[in-house]
Each structure stands twice: as C-alpha cells, then as structure tokens.
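# Per-entry structural report
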Amino acid sequence: MGAETAARISEEDHTLQRIAAELTDTNKMSFLAERPDGSIAGYAMAKMNEAGDVMLDRLHIDQSEYGTGLAANILHAVFAAHSGIPSIALEVLEGNDRAMAFYRKRFEVVDRRAASHGAEGHASLIMRKLLSRA
Ligand SMILES: CC(C)(COP(=O)(O)OP(=O)(O)OC[C@H]1O[C@@H](n2cnc3c(N)ncnc32)[C@H](O)[C@@H]1OP(=O)(O)O)[C@@H](O)C(=O)NCCC(=O)NCCS
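The sections below set out a description of the structure shown in this document. All values derive from a computational prediction rather than experimental measurement.

## Quick word on the nonpolar core
- Within the largest apolar cluster, 28 residues are counted, with the highest numbers of intra-cluster contacts made by Leu-56 and Tyr-103.
- Secondary-structure elements contributing two or more residues to this core are β1 (28–34), β2 (40–48), β3 (54–61), α3 (70–81), β4 (87–93), α4 (97–104) and β6 (124–130).
- The leading source of residues in this core is α3, at seven residues.
- Excluding its chain neighbours within four sequence positions, the residues that come into contact with Tyr-103 are Leu-56, Leu-59, Leu-90, Val-92 and Met-127.

If you want it as structure tokens, here you go:
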C-alpha cells in the first residue's frame, strides 16, 4: 500500500489510546514479545466478534527479527491461547508478499476480496486455520 498509506493507517489505528483500550477489551487478546532490555520485538492481537469468530487482526514483528522464527512463535502463542475455538481467520492484502508467504504455510485460503471490497482499496485473501478442539 506504500509507506505513506501505511504510516497514515498506523497513526490512526495504532494510537496509544486505542491500544490501551484494546488491552482491557475482553473480546481482544494481545500478545507481546519483549526483549530482555524491555524493547518490543513483536506483537499480535486477535479479536472475537459477537458470533464467536476469531480474527487475527495484527501480527507485526520488528524488521530486525524477520526470518528468525519469532513470528511463528507468536502465532503459536495465539493458537495456544485459543484452544477450544474452532478456527482463526485473517485478511492479508495482495502485494504483501512476505506476509502472504508466511501465512500460506500455516493457513488455508478460503476467500478472495476484490480491490473494491478489500482494506484500503486493495485486493486481499481471507485465510483460515482450523484449530483442534480442546
Ligand atoms: C508477516 C511477518 C509477521 C512474517 O514474519 P517473518 O519473520 O518475516 O516471516 P518468515 O521469515 O518466517 O516467513 C516469510 C517467508 O516469506 C518469504 N519471503 C520474503 N520476502 C518475500 C517476497 N517478497 N515474496 C515472497 N516470499 C517472500 C521468506 O523467504 C519466508 O519464506 P521461508 O520461510 O520459506 O524462507 C513479518 O514479515 C511482519 O511483521 N511484516 C510486517 C507486518 C505485516 O505485514 N503483518 C501482516 C499483516 S496481515
């Protein structure tokens, strides 16, 4: 989506107030990978809607951690925290090739949204991972 759009969305969606509110929202679960010095290496947030469906809303790791396995570790923590939930879905924008490759190894593609319906006017894929029931 380009650096400018990404920065704008981040400014709107990732404000301290919004993230602080999410931490107290019982329908949202946040996951943080913290280094010994207190800096943040990675972060994820999964949310449940009224029907009980869970979406992985965010999975971001620091660029210095790309390829280290940290993202997979955080994802496993997300899965483990949702044992008993049938599945977890996510939306990934076409063009985000790295994330697409990462998710394709772990999720099934279940739907495609055209640009007119995707986030920020981008086509996207909806993926789902079936979780075994506890
Ligand atoms: C998405 C994200 C969490 C994945 O973590 P990661 O450590 O980069 O993932 P990995 O390195 O384990 O896997 C990425 C795969 O994509 C491959 N890849 C890298 N660049 C690629 C590209 N341009 N095109 C296709 N594949 C690519 C890598 O080789 C790797 O495959 P491999 O495991 O077979 O070697 C991380 O890249 C990230 O935080 N991205 C920014 C935030 C983001 O886009 N989040 C997802 C929003 S839905």
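So, next bit.
## Points about the site of the ligand
- Among the 15 residues in the neighbourhood of the ligand, the closest are listed as Leu-59, Ile-61, Asn-96, Arg-98 and Lys-105.
- With respect to the ligand, the backbone of Leu-59 contributes an N or O atom lying 2.8 Å from a nitrogen atom.
- Arg-98 is positioned such that a nitrogen or oxygen atom in its side chain is 2.6 Å from an oxygen atom of the ligand.
- For the ligand, whose free accessible area comes to 950 Å², the fraction covered by protein is 65%.
- Contributing elements (two or more residues each) for the shell around the ligand: β3 and α4.
- Ranked by residue count, the leading element in the shell around the ligand is α4, at six residues.

Procedures and definitions
Residues numbered from 1 in each chain as written. Predicted model: local features only at pLDDT ≥ 70, side-chain atom pairs only at ≥ 80, totals over all residues. Heavy atoms only, no water. Core = buried A, V, L, I, M, F, W, Y, C linked by side-chain atoms within 4.5 Å. Buried < 20%, exposed > 50% of the residue type's maximum accessible area, 1.4 Å probe, protein only. Helix = DSSP H or I, 4+ residues; strand = E, 2+ residues; numbered from the N terminus. Contact = heavy atoms within 4.5 Å. Near = heavy atom within 4 Å. Polar contact = N/O pair within 3.5 Å; in protein donor to acceptor, adjacent residues only side chain to side chain. Areas by Shrake-Rupley, 256 points an atom, 1.4 Å probe, with all protein chains shown as cover.

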